[in-house]
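As a plain string of letters, each chain reads:
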Protein chains: 2
Amino acid sequence: MDLVIGIDIGGTKTKIGLVNEHGECYEKTFFRTKEYPNLDNYLDKIKSTVDELLDNFGKDANIIGCGIGAPNASSKNGTIESASNLAWKGSVPLVKLLKQRLDMPIRIMNDASAAALGEMLFGGAKNMTDFIVITLGTGFGAGIVANGQLIDGFDGFAGELGHVDMTIGDGRLTGLGVKGGLEAYVSATGLKRTVMYMQSKYLVDSRFRDIAYNDLHGEDITQAAEEGDEIALKAFDYTARIMAQALANFTAFTQPEAFILMGGLTNSGKWIMTPLEKYFNGFLLDVYKGKVKLLHSAMEGKTAAICGAAALIWENEKKKQV
Amino acid sequence: MDLVIGIDIGGTKTKIGLVNEHGECYEKTFFRTKEYPNLDNYLDKIKSTVDELLDNFGKDANIIGCGIGAPNASSKNGTIESASNLAWKGSVPLVKLLKQRLDMPIRIMNDASAAALGEMLFGGAKNMTDFIVITLGTGFGAGIVANGQLIDGFDGFAGELGHVDMTIGDGRLTGLGVKGGLEAYVSATGLKRTVMYMQSKYLVDSRFRDIAYNDLHGEDITQAAEEGDEIALKAFDYTARIMAQALANFTAFTQPEAFILMGGLTNSGKWIMTPLEKYFNGFLLDVYKGKVKLLHSAMEGKTAAICGAAALIWENEKKKQV
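Residues numbered from 1 in each chain as written. Chains lettered and ligands numbered in written order. Predicted model: local features only at pLDDT ≥ 70, side-chain atom pairs only at ≥ 80, totals over all residues. Heavy atoms only, no water.

1. What about the pairing of strand S4 (residues 62-70) of chain B?
Residues and elements named next belong to chain B.
1) Next: Among the 9 residues in S4, 7 count as buried, and that is most of the element.
2) Next: As paired elements, strand S1 (residues 2-9) and S4 share 7 bridges and run parallel to each other. Looking at S4, one finds that Leu3 is bridged to Ile63. (Buried < 20%, exposed > 50% of the residue type's maximum accessible area, 1.4 Å probe, protein only. Helix = DSSP H or I, 4+ residues; strand = E, 2+ residues; numbered from the N terminus. Pairing = 2+ DSSP bridges.)

Next up, the structure:
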């Protein structure tokens, strides 16, 4: 069976799996990224993990390549550049170094861009030529597809929309120091920050009055909203409004048919989606109104990121067949 | 000789010319758009103007098509949709109606997108795959090229960046009612508005204290800057700073190799470009710093818009030859 190794490099976990041409993931596992601050050790760990997966798979596997999704990755240079939540500093030539251990075609891409390729090959964007995947995890990522192609940019850093300067609200700083930057508001972390902000702004009673920032988790905020907690409801509304404004602005750029949302914040379901939909059409220019869908990823789940990474190789295979 | 009819539909003038495959414009003329508020009369006038140009050209001309650049044009639908500075309201099926008078391939496109195609075929972007043309006239237009292709969007309305909500400064309204929208600040009109604003903010003496808004022209502001007029200098600095912030945001989207600037505001030369360059790198994320060029259009001049429109047809011809 032809298989691709899909690797999702995250600040917390590195997930690895074997993925067939239909986006089905066989044999998957993960290890903790932070346990391998030394790059050589990390790459050796990837190699040994891949070997284990192939052993476990047992059957005849024809590995045709390795696709990697990672934060701050440049597809054109094959590097990860100063990713703020990874231990390795500067420009890391990951593709080149991994090739010394895995002798096969290797491609790397920004994780949100890989997710967009995954949606196009295996997920909810199979028939779309213009859409944007938004990942709402620790940060805010974007993978942009226009004219049926992923937008890379001049040297592979397109789609860094989390650091777009919205000059909004109280001008929070992002991790990269952008004042009023989007992901300081619209991300799992942004929502937590907004729960703190709402406690500063209002005096209403709330379960959050007894929870410290570091003890606060996304699920708590969703749970609180279910129970009618005013701070939680205000926080979702505030986040959704800024997100709606941002997505309306992004629409003016490439006019996507849909935004496909994934990541931790989307697990809050209707608490984020209902106000988002309410505000979104209000911010859109008339020429776009009613034309832009807000969708949940159909690939959401534990293997979505692995399959997105594997899509980098499968996409190339499909091009060869044309 | 193979020639394309290039038509630039503007709120003030409609320019028509005959353009060869190298972007050289033979026989050109214009008439005033506003003199033909009736659409049928307008289309008849285009037909008779084209006939005149062909008569004047004299030599054997093989007309292979007609390209049109127009505000609010949808390339996918062949229409102009509710353009705020044109007399015809609603959705105008211009391509269909013009085909009844000119029996040839006809394509229409947003004027800034047509300008981008023109730069790619004939101008300063011949070797670029990722760039954005910014037109700074009465409004703010953008033509986006990524992966070597023009970005159309889902139904042809990509690039409406003049109405991106910057939530900046004093929250001016654009012509479409967007509060804090970019073109209310960054355009020839925006600069005039800023000259008024600076007179409200400061009490310094200025030649503009004796000039009413409707008597104010872009050249006056450039001239005043040459003479050291403080209001003029502050107006350019304010405009350039907002423009720098916007272009830095746009960079995060498609990471262009260059922004190519054209239109009335760029005639102010160094008065806008020097502060723009000063602020631009400051707003860019580190990953983009020093990689994005700010260029003047090499096609600037009276025939640039006509050649850009003609590029719609020449681009298709070149694709056929591949």
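There's plenty left to go through after this.
2. Thoughts on the interface of chain A and chain B
1) Next: With 39 residues of chain A at the interface, the matching set in chain B holds 39 residues.
2) Next: Here chain A and chain B share an interface that buries about 3,300 Å² over both sides, 57% of which is from carbon and sulfur atoms.
3) Next: Contact with chain B buries surface across chain A, with Asn147, Phe154 and Phe253 of chain A losing the most and accounting together for 23% of the total.
4) Next: Counting every contact that joins chain A to chain B gives 3 salt bridges.
5) Next: Taken together, the links from chain A to chain B amount to 22 residue pairs in polar contact (both at pLDDT 80 or more).
6) Next: Class assignment of the residues belonging to the side of chain A that touches chain B gives a composition of 20 nonpolar, 11 polar and 8 charged. (Contact = heavy atoms within 4.5 Å. Buried area = accessible area lost by both parts, 1.4 Å probe. Salt bridge = Lys/Arg side-chain N within 4 Å of Asp/Glu carboxyl O. Polar contact = N/O pair within 3.5 Å; in protein donor to acceptor, adjacent residues only side chain to side chain. Nonpolar A, V, L, I, M, F, W, Y, C, P; charged D, E, K, R; others polar.)

3. Quick word on the relation of the copies chain A and chain B
1) Next: Of the transformation placing chain A onto chain B, the axial shift is 0.0 Å and the rotation is 180°, giving an RMSD of 0.0 Å. In symmetry terms, the pair is related by a two-fold rotation axis.
2) Next: Mapped onto chain B, 100% of the interface residues of chain A again fall at the interface, so both copies present the same surface. (Least-squares fit on C-alpha atoms with pLDDT ≥ 70 in both.)

4. A look at the packing of helix H3 (residues 111-122) of chain B against helix H8 (residues 304-321) of chain B
Residue and element names in this part refer to chain B.
1) Next: The contact between H3 and H8 brings their axes to 7 Å, and the two run at 60°. Judged on the interaxial angle alone, H8 and H3 are oblique. Note on packing geometry: the crossing formed by H3 with H8 is left-handed. Where H3 approaches H8, its residues Ala114, Leu117, Gly118, Leu121 and Phe122 are matched on the opposing element by Cys307, Gly308, Ala309, Ala311, Leu312, Trp314, Glu315 and Lys318.
2) Next: Of the residues that constitute the contact of H3 with H8, the class distribution is 9 nonpolar, 2 polar and 2 charged. (Axes fitted to C-alpha atoms, helices over the stretch in contact; angles between N-to-C directions. Parallel < 35°, antiparallel > 145°, perpendicular 65-115°, else oblique. Left-handed = near helix turned anticlockwise from the far one by under 90°.)

5. Let's talk about helix H1 (residues 39-57) of chain A
Residue and element names in this part refer to chain A.
1) Next: Here H1 contains 19 residues, and its C-alpha end-to-end distance of 27 Å stays within 8% of the 27 Å for a straight helix at 1.5 Å per residue.
2) Next: Residues of H1 that are buried: Leu39, Tyr42, Leu43, Ile46, Thr49, Val50, Leu53 and Phe57. Taken down its axis, H1 places every buried residue within 120° of arc, on the same side.
3) Next: Between a side-chain oxygen at the N-terminus of H1 and the backbone nitrogen of Asp40 the separation is 2.9 Å; the capping residue is Asn38.
4) Next: Gly58 occupies a position one or two residues after H1 and carries a positive phi of about 75°. (Expected span 1.5 Å × (residues − 1). Arc of directions from axis to C-beta.)

6. Quick look at the nonpolar core
1) Next: The biggest cluster of nonpolar side chains holds 110 residues, and the ones touching the most others in it are Phe250 and Phe259 of chain A together with Phe250 and Phe259 of chain B.
2) Next: Setting aside anything within four residues of it in sequence, one finds Phe250 of chain A in contact with Phe140, Leu161, Val164, Leu182, Gln255, Pro256 and Phe259 of chain A together with Phe253 of chain B. (Core = buried A, V, L, I, M, F, W, Y, C linked by side-chain atoms within 4.5 Å.)

7. Overview of the sheet that holds strand S11 (residues 149-150) of chain A
Residue and element names in this part refer to chain A.
1) Next: In spatial order, the strands read S11-S10-S9-S12-S13; together these 5 strands make up an open sheet with mixed pairing. A strand with exactly one partner marks an edge of an open sheet, and here the two such strands are S11 and strand S13 (293-296).
2) Next: In this sheet, strand S12 (residues 258-262) lies alongside strand S9 (residues 131-136) in parallel orientation, the contact comprising 5 bridges. Paired with Phe131 across the two strands is Ala258, which belongs to S12.

8. Focus: the domain arrangement of chain A
All names here are of chain A.
1) Next: Each assigned domain of chain A is listed here: domain 1 (2-111) and domain 2 (124-296).
2) Next: Here domain 1 and domain 2 have C-alpha centroids that lie 28 Å from each other.
3) Next: If you look at the interface, domain 1 gives 9 residues, while domain 2 gives 9 residues.
4) Next: Buried surface at the junction of domain 1 and domain 2, summed over both partners, amounts to about 750 Å²; 49% is from carbon and sulfur atoms.
5) Next: Where domain 1 touches domain 2, the interface holds 0 salt bridges.
6) Next: Summed over the shared surface of domain 1 and domain 2, the result is 4 residue pairs in polar contact (both at pLDDT 80 or more). (Domains from an automatic or database assignment.)

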